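# A structural walkthrough
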4 protein chains.
Amino acid sequence: MTRIGIIGGTGYTGGELARILCTHPGVEIASMTSRQNTGRKVSDVHPYLKGYVDLEFTESVGDVDLAFVATPHGVAMKEVPGLMDSGIKCIDLSGDYRFRDIPTYELWYGHRHSDPEHLSKAVYGLPELFRDRIKGADLVANPGCYATASILACAPLMKAGIAEPDIDIDAKSGTSGAGMVPSERTHHAHCGETVIPYSVGTHRHTPEIEMALRMFSGEEPEVLFIPTLVPIVRGILSTCYIRLNRDLREDEVQDIYRKQYEGERFVHYADEPSIRDVVASNHAQVGVRSIGRRAVAFGTIDNLVKGASGQAVQCMNLMLGFDEAAGLDMPGLGV
Amino acid sequence: MTRIGIIGGTGYTGGELARILCTHPGVEIASMTSRQNTGRKVSDVHPYLKGYVDLEFTESVGDVDLAFVATPHGVAMKEVPGLMDSGIKCIDLSGDYRFRDIPTYELWYGHRHSDPEHLSKAVYGLPELFRDRIKGADLVANPGCYATASILACAPLMKAGIAEPDIDIDAKSGTSGAGMVPSERTHHAHCGETVIPYSVGTHRHTPEIEMALRMFSGEEPEVLFIPTLVPIVRGILSTCYIRLNRDLREDEVQDIYRKQYEGERFVHYADEPSIRDVVASNHAQVGVRSIGRRAVAFGTIDNLVKGASGQAVQCMNLMLGFDEAAGLDMPGLGV
Amino acid sequence: MTRIGIIGGTGYTGGELARILCTHPGVEIASMTSRQNTGRKVSDVHPYLKGYVDLEFTESVGDVDLAFVATPHGVAMKEVPGLMDSGIKCIDLSGDYRFRDIPTYELWYGHRHSDPEHLSKAVYGLPELFRDRIKGADLVANPGCYATASILACAPLMKAGIAEPDIDIDAKSGTSGAGMVPSERTHHAHCGETVIPYSVGTHRHTPEIEMALRMFSGEEPEVLFIPTLVPIVRGILSTCYIRLNRDLREDEVQDIYRKQYEGERFVHYADEPSIRDVVASNHAQVGVRSIGRRAVAFGTIDNLVKGASGQAVQCMNLMLGFDEAAGLDMPGLGV
Amino acid sequence: MTRIGIIGGTGYTGGELARILCTHPGVEIASMTSRQNTGRKVSDVHPYLKGYVDLEFTESVGDVDLAFVATPHGVAMKEVPGLMDSGIKCIDLSGDYRFRDIPTYELWYGHRHSDPEHLSKAVYGLPELFRDRIKGADLVANPGCYATASILACAPLMKAGIAEPDIDIDAKSGTSGAGMVPSERTHHAHCGETVIPYSVGTHRHTPEIEMALRMFSGEEPEVLFIPTLVPIVRGILSTCYIRLNRDLREDEVQDIYRKQYEGERFVHYADEPSIRDVVASNHAQVGVRSIGRRAVAFGTIDNLVKGASGQAVQCMNLMLGFDEAAGLDMPGLGV
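Residues numbered from 1 in each chain as written. Chains lettered and ligands numbered in written order. Predicted model: local features only at pLDDT ≥ 70, side-chain atom pairs only at ≥ 80, totals over all residues. Heavy atoms only, no water.

## A word on the relation of the copies chain B and chain A
Take chain B, turn it by 180°, move it 0.0 Å along the axis, and it overlays chain A with an RMSD of 0.0 Å. Taken together, the rotation and translation relating the two chain copies correspond to the operation of a two-fold axis. In this assembly the copies share their binding face: 100% of the residues contributing to the interface of chain B also contribute to that of chain A. (Least-squares fit on C-alpha atoms with pLDDT ≥ 70 in both. Contact = heavy atoms within 4.5 Å.)

The structure is reproduced here in structure tokens:
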């Protein structure tokens, strides 16, 4: 069994990694680190893992083959260099290794990047678009949750070269996307019976979506991204407003989507993408409608699975030569 | 006291009208009609009205000065002619009298309009934009809930002549907007932990928004309207993506909004419009952000109050010469 | 106009007091205090009060006739003595003045009581049970939210002397009852899709319910109280399991309830008490079912209105000689 | 591979059976029947099963080794005789085969039992309490969702002979327990922001809980069962108020629970049972608190998994000689 470490195991994505990996046929969770919970049983902090993960949180990840780094932005780039230098492959779930372009990172994240060396080798971990690069990577930057849903929804039109560069994305996310630390915005009495747009024009997934879309199109996309908190726990619906640069019938546009994801195990065309169909699974659904030269593309994912830990495991499978779906091959809840 | 009748008192908007009117200082609810509940006590069907409305549902509205018509589309236009001919002023909450242009109505509603005579005299009941016409009207077509939130959000830019005509509207609504009849879409296990876009490109508020925007601009707006069901009961957030036709700083754009609604009792500029701030009240909040030539305007309302019954009462106040805020002058819940 | 002060105006109950009082016909809000927001506009902190409360938060309450004390337990008893000594009537929304019996207070609240002098004159502010005492009071201890719903539900059987003393209360509360400070328990991703029992056997409303029930019965009730957080914002349903000490038919038991609250403006018998029927209003509904000698009594309220600020205003009305329903006389939302 | 049929595959429990069985290592889903959807692709009706279940709904179950009967009460007992006579083992998810005592069934279900022959051989399918009988059974009556949570919570005290017979159960359920057919009670605008007690004293799981508890105790339990709808989709919390017939310390009571479920794969003692820890899994958590002679036992499950389809698969595993956890061995979601 390949030995896996999880750095930053207290938070939602750390727990979710353990939830997925504990039934994975090819790996064992060798260690989970936590600064605040060192010495505590993992199953005391995450009671749902009782009977599945029999470990105590440690300070250091120890001897592992691959490490998931589930620490906040800015912390990850302190962890990765040591791991890489010890020959440990890394999958980073933070934003630290997503931008080849250091000034973009520093502008949007507000601090200097301290590890340009490894950054230059990092691969953006969206398997449906960059599968081959991920296979050969030692360091993968796992995409953001909003970015995953949005890129999957916009990619077919961008790749086909028929999208105008200015795209408006109205993305609705469940509250688990905000992480485990209580805040005013995620206080139930504040957010439980409303929907809240936030970080208008300033959300860090904006340049990430632009970067990814740029990679498979000659265009320079200009994304206006509005995240909106909705009172569900898991799930993202990304609604993308796109102008077409030539005339296409709606069924032609839909065919582009069908073909783009044909054969994919986890991304599917659906006439009416649904969060419930994908929740608790690594699946994503994308759909598109068009009227004249205006198209609306939809993408749905579970933000903690395909939007974070599940996609990270999918990348791990590619990096380690497992079946891409190992440990992830189950349907969404539906209800 | 002016005598008021409510036609179609069983549904959500009928009950909401009674909830508001029962404490109005200048009117008395003289009758509430219901086909399915004729003879039953109103407070048995709507227990929250116990102690406030001591009536039985009747078949006919009887002798009243003004009637609210809270029946479905298609039914209202059968009710209104008789009422008008009896000298009863009418406020229709359905879509039947919103369109001066009959072909547009027939195209989007799928049946013939049977009352073109009164239609030609109907006034669109959005007080902040058409106050003077409402004052003199005998028949008011109360706006749709999505339309109210969207028009209020888009109007300042349209009136100022700085909006491009193609506008994308991503509107999130609570489930009470769908009315009281159970359906698959509003079944809690189906919609309770997800967000559901529906009627993409086909929702009947699309031409209504276009019509209203056309009235105060030389432009022919082309609206792409995507309603999305969110798991809250009351409230709409309408997010409107608008291109500007010239360069303006964000604060200049915001000033246009502030000035448009300055002095209004129920529509307010807010940097961060919030459903909770307006819920259970007739208030609306609008806000706007811009980056370059791209603006995003937000509008929030309680769909049953400013989006339906409260706005209808506001129109009634104008028609009958009451203070415009009579019976409606209280803050939203906040929490 | 009588001048009213609100001490502790930042929190949910402080804001709710202002929301109610701002349309009260007989009083004006003269001041709202806040330590953390001194100098800020009230309507910047509570945007729903814009246009209704044109004040800045102050440090001190100033010259008022009556003050609501909406500060945490332990703080209130530091505020009240000075106010009382200045001749200002007080309504305290904390637990500090609810217990005549100081050892009970000190046992359950974990600190010494520093104001036994005024405590001895405080009246427990549940109007439907202690109306006459409230009328003559200078200091009223406003009941807890859970306590209000539970006492109203249990009182008829206790007063009739037909309840066994051991009562189990399973009370479900919306999250606004926990106040405005974010915590793990009220973090949406934690509580949004589950129900959470807490403080089993240790909640401070336990002795409060026992004390109130003791006041109108010769019995010494022994309450086992289990609060359970449910993912709604406003509302409490208290389900009370009571044994009867003699044989009664269900309709006889229900008659006891009907008669107990006959003529009350805010507490009503309902076969099926509903949170939605009372939410956003000062109304309460109570109902009862029995099978043999086992009865289940239900009580529903809006925890912020009848369970806190609305009931406090009801007490104010009694203390100041206003109509008991002044400023509060409107139905619940229903939907 | 053992061939499995699902009779009544359109509803929530039918879909959930397919969701679980499609990744089970030892069986294949050979057929799914549906009257209303005959001829349609299963994955068109349940889009989350796309890529996992490649079948069309049929009218008849065909040649299978074991059939799950997921039809409504009353229909199941028409289906089972033919299946049994064809040598097909059956697991019935309805209430039709849960009561050995026919008059009890007929009293609570309101119609005659048409299949007393097979009823006499049916085994009640709660593995943690009746494992050995299930192993040898050809017909298993799968327990109700509320009954599962409640019996697991009460069983340790009943088995230990220290519970008084009169037990009050306050059970909170998510809306998926009501099935897929829309109704007023499950209409989101009606139930989305409230909690609704229903079927007080008349819910059919009452005699089922009594029957099961009677089986492992000399006592005749008298259960007062109050189901309450809460606005979540999946999950039950059953809160059981139990009197003890002798003095025990709280830790002694808790030890009884720990020992009862020691070694169980799916039922676990937890100090604070949590729906989120078990949701989307076959796990249950039970806990208990006591003060003097009053105990409160808690049980949490996912009503569609351990409360229905997951438990049915667990029974299938026992009947067919698979590992009891096959296809079910994964943690709850946690978040």
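## Observations regarding the interface of chain C and chain A
Each partner contributes to the interface: chain C provides 21 residues, whereas chain A provides 21 residues. For the pair chain C and chain A, the summed buried surface comes to about 1,500 Å²; carbon and sulfur atoms form 61% of the total. Where chain C packs against chain A, one counts zero salt bridges. For the interface between chain C and chain A, the tally reads twelve residue pairs in polar contact (both at pLDDT 80 or more). It is helix H8 (residues 188-191) of chain C that contributes the most residues to the side of chain C that touches chain A, four residues altogether. The class makeup of the residues in the side of chain C that touches chain A is nine nonpolar, nine polar and three charged. (Buried area = accessible area lost by both parts, 1.4 Å probe. Salt bridge = Lys/Arg side-chain N within 4 Å of Asp/Glu carboxyl O. Polar contact = N/O pair within 3.5 Å; in protein donor to acceptor, adjacent residues only side chain to side chain. Helix = DSSP H or I, 4+ residues; strand = E, 2+ residues; numbered from the N terminus. Nonpolar A, V, L, I, M, F, W, Y, C, P; charged D, E, K, R; others polar.)

## What to know about empty space enclosed by the protein
Tallied over the entire structure, the rule returns ten cavities of 30 Å³ or more. Each pocket or cavity is described by its volume, and for the largest cavity that value is around 160 Å³. The wall of the largest cavity is formed by 18 residues, among which Gly 192 and Pro 231 of chain A, Pro 231 of chain B, Pro 231 of chain C together with Pro 231 of chain D lie closest to the centre. Classifying every residue of the lining of the largest cavity by side-chain character gives six nonpolar, eight polar and four charged. (1 Å grid on protein atoms, 1.4 Å probe; cavity = no way out; pocket = protein on both sides within 12 Å on 5 of 7 lines; lining within 4 Å. Points joined across faces, edges and corners; volume = space filled by probe spheres on them.)

## Let's talk about the side chain of His 283 of chain B
Counting through the fold element by element, His 283 of chain B comes out in the loop between helix H11 (275-278) and strand E12 (284-291). Within polar-contact distance, the side chain of His 283 of chain B engages the backbone oxygen of Arg 265 of chain B at 3.4 Å. The residues touching His 283 of chain B, leaving out its near neighbours within four places in the chain, are Arg 265, Phe 266, His 268, Val 278, Thr 300, Ile 301, Lys 306, Met 330, Pro 331 and Gly 332 of chain B together with Tyr 52 of chain C.

## Concerning the relation of the copies chain C and chain A
The two copies are related by a screw operation: chain C maps onto chain A through 180° of rotation and 0.0 Å of translation along the axis, at an RMSD of 0.0 Å. A shared interface surface links the copies, since 100% of the contact residues of chain C are contact residues in chain A too.

## A closer look at helix H7 (residues 145-159) of chain D
Residues and elements named next belong to chain D. With 15 residues, H7 should cover 21 Å at 1.5 Å per step; its first-to-last C-alpha distance of 21 Å lies within 8% of that length. The largest bend along H7 reaches roughly 35° and is located at Ala 153, with the proline Pro 156 sitting one to four residues downstream. Most of H7 is tucked away, with 14 of its 15 residues classed as buried. In the stretch just after H7, Gly 161 is the one whose phi turns positive, near 70°. (Expected span 1.5 Å × (residues − 1). Bend = angle between axes of the 7 residues up to and from the residue. Buried < 20%, exposed > 50% of the residue type's maximum accessible area, 1.4 Å probe, protein only.)

## Focus on the pattern of salt bridges
What the rule picks out here adds up to 96 salt bridges over all chains. Between Asp 255 of chain D and Arg 258 of chain D there is a salt bridge, with its nearest N and O atoms 3.4 Å apart. Note that Asp 255 of chain D and Arg 258 of chain D are positioned in helix H10 (residues 250-261) at a spacing of three residues, about one turn of the helix. By relative accessible area, which is 35% here, Arg 258 of chain D ends up partly exposed. Salt bridges sharing partners connect three or more residues here, namely Glu 16, Arg 19, Arg 234 and Asp 302 of chain A.

## Considerations on the environment of Leu 55 of chain B
All names here are of chain B. With respect to the helices and strands, Leu 55 occurs in the loop between helix H2 (42-45) and strand E3 (66-69). In the structure, Leu 55 is positioned 32 residues away from Thr 23 in sequence and 15 Å away in space, judged by C-alpha atoms. In contact with Leu 55, other than residues within four places in its own chain, are Ile 29, Ala 30, Ser 31, Met 32, Arg 40, Lys 41 and Val 42.

## Overview of the packing of aromatic side chains
All names here are of chain A. Enumeration according to the criterion identifies 23 aromatic pairs over all chains in this entry. A ring pair is formed by Phe 130 and Phe 216, whose centres lie 6.2 Å apart and whose planes are at 35°; its orientation type is tilted. Pair noted here: Phe 130 is in helix H6 (residues 127-135) and Phe 216 is in the loop between helix H9 (205-215) and strand E9 (222-229), with a separation of 86 residues, a long-range link. This pair shows no difference in class: Phe 130 is buried, exactly as Phe 216 is. By the ring-pair criterion, three or more aromatic residues cluster together here, those being Phe 99, Tyr 105 and Tyr 109. Sitting over the face of the ring of Phe 216, Lys 159 holds its NZ or CZ atom 5.9 Å from the ring centroid. (Phe/Tyr/Trp six-rings, centres within 6.5 Å; stacked < 30°, edge-to-face > 60°. Lys NZ or Arg CZ within 6 Å of the ring centre and 35° of its normal.)

## Re helix H1 (residues 12-21) of chain C
Of all ten residues making up H1 of chain C, nine are buried, and the element is well covered by its neighbours. Those residues of H1 of chain C lying buried are Tyr 12, Gly 14, Gly 15, Glu 16, Leu 17, Ala 18, Arg 19, Ile 20 and Leu 21 of chain C.

## Brief notes about the interface of chain B and chain A
Contacts between chain B and chain A engage 35 residues on the former and 35 residues on the latter. With both sides pooled, the region where chain B packs onto chain A buries about 3,100 Å², and carbon together with sulfur makes up 61% of that total. Broken down residue by residue, the surface that chain B buries against chain A is led by Val 195, Tyr 241 and Arg 294 of chain B, which jointly contribute 19%. For the pair chain B and chain A, the interface holds ten salt bridges. We note a salt bridge from Asp 168 of chain A to Arg 294 of chain B, for which the minimum N-O separation is 2.8 Å. Where chain B packs against chain A, one counts 16 residue pairs in polar contact (both at pLDDT 80 or more). Counting residues per element, the ones that place at least two in the side of chain B that touches chain A are strand E7 (166-173), helix H8 (188-191), strand E9 (222-229), strand E10 (236-243), H11, E12 and strand E13 (294-301) of chain B. Partitioning the side of chain B that touches chain A into residue classes produces 19 nonpolar, six polar and ten charged.

## Quick look at the state of the cysteines
Residues and elements named next belong to chain B. Under the definition given, this model contains zero disulfides over all chains. Cys 240 supplies the cysteine sulfur nearest to Cys 154, a cysteine that is in no disulfide, at a spacing of 3.6 Å. Using a relative accessible area of 0% as the deciding quantity, one classes Cys 154 as buried. (Disulfide = S-S within 2.5 Å.)

## A look at unusual backbone geometry
All names here are of chain C. Positive phi values are uncommon outside glycine, yet Ser 199 reaches one of about 45°. With respect to the helices, strands and loops of the structure, Ser 199 is situated in the loop between strand E8 (196-197) and helix H9 (205-215). The phi dihedral of Ala 280 is positive, around 70°, even though this residue is not glycine. Residue placement: Ala 280 occurs in the loop between helix H11 (275-278) and strand E12 (284-291). Residue Ala 280 is classed as buried on the basis of its relative accessible area, which comes to 9%.

## Quick notes on the packing of H7 of chain D against H10 of chain D
Residues and elements named next belong to chain D. Running from amino to carboxyl end, H7 crosses H10 at an angle of 110°, the nearest separation of the two axes being 9 Å. Accordingly, the angle class assigned to the pair H7 and H10 is roughly perpendicular. The chirality of how H7 crosses H10 is right-handed. Packed against H7, whose contacting residues are Ile 151, Leu 152, Ala 153, Cys 154, Ala 155, Pro 156, Leu 157 and Lys 159, the element H10 presents Val 253, Ile 256, Tyr 257, Gln 260 and Tyr 261 at the interface. (Axes fitted to C-alpha atoms, helices over the stretch in contact; angles between N-to-C directions. Parallel < 35°, antiparallel > 145°, perpendicular 65-115°, else oblique. Left-handed = near helix turned anticlockwise from the far one by under 90°.)

## Structural notes on the domain arrangement of chain A
All names here are of chain A. Each assigned domain of chain A is listed with its residue range as follows: domain 1 (2-121) and domain 2 (145-303). Here domain 1 and domain 2 have C-alpha centroids that lie 26 Å from each other. Tallying the contact residues gives eleven residues for domain 1 and 14 residues for domain 2. Contact between domain 1 and domain 2 buries roughly 1,100 Å² in total, counting both sides, with carbon and sulfur atoms accounting for 61%. Its largest share of buried area at the contact with domain 2, domain 1 owes to Tyr 12, Arg 98 and Trp 108, together 54% of the area lost on that side. Across the domain 1-domain 2 interface, the total number found is two salt bridges. The residue Glu 16 makes a salt bridge to Arg 234 at a minimum N-O spacing of 2.7 Å. (Domains from an automatic or database assignment.)

## Remarks on the sheet that holds strand E5 (residues 123-124) of chain C
The strands that make up a sheet are held in pairs by hydrogen bonds between backbone atoms, and each pair lies either parallel or antiparallel. Residue and element names in this part refer to chain C. Across the sheet, which stays open at both edges, the six strands sit in the order E2-E1-E3-E4-E6-E5 with parallel pairing between neighbours. Taken across any chain shown, the strands that pair with only one partner, and hence form the sheet edges, are strand E2 (27-33) and E5. Bridge count for E5 against strand E6 (residues 139-141) is two bridges, and the pairing is parallel. Residue pairing in the sheet places Val 123 in a bridge with Val 140 of E6. (Pairing = 2+ DSSP bridges.)

## Observations regarding the packing of helix H1 (residues 12-21) of chain B against helix H12 (residues 305-320) of chain B
All names here are of chain B. At their nearest, the axes of H1 and H12 sit 10 Å apart, and the two run at 50° to each other. Relative to H12, the element H1 lies oblique. Crossing hand, H1 versus H12: right-handed. Across the interface between the two elements, Thr 13, Glu 16, Leu 17, Arg 19, Ile 20 and Leu 21 from H1 touch Val 305, Ala 308, Ser 309, Gly 310, Ala 312, Val 313 and Met 316 from H12. Per-class residue counts for the contact of H1 with H12 are eight nonpolar, three polar and two charged.

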